[in-house]
Amino acid sequence: MPEGHTIHRLALDLERDLVGHRVEASSPQGRFLEADRLDGQVLRSTEAFGKHLLLHFGAGSVVHVHLGLFGRFRRHRHPAPPPRDTTRLRLVGPERTWDLVGPTACELLTAAGLRGLRARIGVDPIAPRTSREALDRAFDAFSRTRRDVGAVLLDQGVFSGIGNVYRAEILFLLGIDPATPARDLSRRDFDAIWRKARELLRLGVAERRIVTVRDAGRRPPRREALHVYKRETCRACAGPIARTTSANRSLWWCPTCQRPRGESTRS
Ligand SMILES: [Zn+2]
């Protein structure tokens, strides 16, 4: 599933191609009939928060897209190929055409629907600004749950945009055992997770992919870009990487480098 950096990158790319222009909108698949109401409107802005993408149109219409596991956008130069049978939404701008296929959600939101969506989505590490109050609320939710920190990092109502790759990499870089109950972590740990998530997801937007290994500014090849995710040996200690299940997803971690908080780890 795309993580938050992909959605923020998409918002920027769609903005560059389409914002400020009248767009032709259609649903070749016929499953988003409201596309007709958008046809010929100016796309005013795009917005990403967490894994959600919003397209704000001139007349106040707001399209909400969630890619889910299988959704993706394709970008075409003109002349664009004919849409596929599965194209949920086609947006044609002055120079580029964007096709959306296979999303979990593609819908028009009412003002109340938009408020509801914003209210249930947690703090987004890529967002330019996050209020102290919002962060305190996230810590409050974090510190009251018995769930393991690995599962809580995937809870989009606490932190939005962190997915399966980033959670493994963040916990490794901070040396936290993913099975540690979130409520056993301190505010300092929480703040460290937040800062690391900001750093890594923002880098992901810039790099257009997930990179967590920084090697003196060198852009690592794909197979060398991560610390633990789907790896067999640890980059730091050369020990075996373990695989466990957390929130029904596989989670890779290093039992040597990542310890429960509070436990003595050094002899
Ligand atoms: Zn290790």
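Quick caveat: nothing in here was measured; it's all calculated off a predicted structure.

Peer 1: Give a description of the sheet that holds strand 2 (residues 43–49) that names residues and reports values.
Peer 2: Pairing within the open sheet is antiparallel, and its 4 strands lie in the order 2-3-4-8. Only two strands of the sheet have a single partner each, and these edge strands are strand 2 and strand 8 (105–109). The average angle at which neighbouring strand axes cross in this sheet is 20°, direction not considered. Two strands pair when backbone bridges link them, and strand 3 (residues 52–57) and strand 4 (residues 62–66) are joined in this way by 5 bridges, in the antiparallel orientation. Pairing of Leu54 across the sheet is with His64, part of strand 4.

Peer 1: Report on the coordination of the zinc ion, specifying residues and quantitative values.
Peer 2: For the zinc ion, the full set of protein donor atoms is Cys234 (SG), Cys237 (SG), Cys254 (SG) and Cys257 (SG), and the range of their distances to it is 2.2 to 2.4 Å. With a relative accessible area of 30%, Cys237 lands in the partly exposed category.

Peer 1: Any chance you could break down the nonpolar core for me, citing the residues and the numbers?
Peer 2: Within soluble globular proteins, side chains that are nonpolar generally end up buried alongside one another. Core analysis: the largest hydrophobic core is formed by 40 residues, its most contacted members being Phe142, Val149, Leu153, Phe159, Ile162, Ile170 and Ile193. Counting 24 residues, the second-largest nonpolar core is a separate cluster that includes Ala25, Leu38, Ala48 and Phe57.

Peer 1: Outline the environment of Leu153, listing residues and values.
Peer 2: Mapped onto the elements of the fold, Leu153 is located in helix 5 (residues 149–154). What makes Leu153 buried here is its relative accessible area of 0%. Considered as a pair, Leu153 and Phe142 are 11 residues apart in the sequence and their alpha carbons are 9.1 Å apart. Not counting residues up to four positions away in its chain, the partners in contact with Leu153 are Phe159, Ile162, Arg167, Ile170, Leu171 and Ile193.

Peer 1: Go over the pattern of salt bridges, please, and point to the residues and values.
Peer 2: Using the criterion set out here, one finds 14 salt bridges in the structure. Residues Asp99 and Arg90 are paired through a salt bridge, measuring 2.7 Å at the closest nitrogen-oxygen approach. A residue is classified by how much of its surface remains accessible, and Asp99, at 5% relative accessible area, is buried. Between Lys196 and Glu199 there is a salt bridge; the shortest N-O distance is 3.3 Å. Note that Lys196 and Glu199 are positioned in helix 7 (residues 187–207) at a spacing of 3 residues, about one turn of the helix. One network of salt bridges, in which partners are shared, links Arg9, Asp13, Arg16, Asp17, Arg75 and Arg208.

Peer 1: How would you summarise the environment of Arg96 if you had to cite specific residues and measurements?
Peer 2: Assignment of secondary structure puts Arg96 in strand 7 (residues 96–101). Classification of Arg96 by relative accessible area gives buried; the value is 16%. With 78 residues separating them in the primary sequence, Arg96 and Leu18 have C-alpha atoms 7.9 Å apart. Ignoring anything within four residues of it in the chain, the contact list for Arg96 reads Asp17, Leu18, Arg75, His76, Arg77, His78 and Leu91.

Peer 1: How would you sum up the domain arrangement of the protein chain? Please name residues and give values.
Peer 2: What the domain assignment lists for the protein chain is domain 1 (4–120) and domain 2 (132–253). The gap between the C-alpha centroids of domain 1 and domain 2 is 29 Å. Across the contact, 11 residues belong to domain 1 and 14 residues belong to domain 2. A buried area of about 850 Å², summed over both sides, lies between domain 1 and domain 2, and 58% of it is on carbon and sulfur atoms. Among the residues of domain 1 in contact with domain 2, His5, Arg9 and Lys51 are the three that bury the most area, contributing 62% of the side total. If you look at where domain 1 meets domain 2, you find 1 salt bridge.

Rules of the game
Residues numbered from 1 in each chain as written. Predicted model: local features only at pLDDT ≥ 70, side-chain atom pairs only at ≥ 80, totals over all residues. Heavy atoms only, no water. Pairing = 2+ DSSP bridges. Helix = DSSP H or I, 4+ residues; strand = E, 2+ residues; numbered from the N terminus. Axes fitted to C-alpha atoms, helices over the stretch in contact; angles between N-to-C directions. Donors = N, O, S within 2.8 Å, 3.2 Å for Na, K, Ca; no water. Buried < 20%, exposed > 50% of the residue type's maximum accessible area, 1.4 Å probe, protein only. Core = buried A, V, L, I, M, F, W, Y, C linked by side-chain atoms within 4.5 Å. Contact = heavy atoms within 4.5 Å. Salt bridge = Lys/Arg side-chain N within 4 Å of Asp/Glu carboxyl O. Domains from an automatic or database assignment. Buried area = accessible area lost by both parts, 1.4 Å probe.

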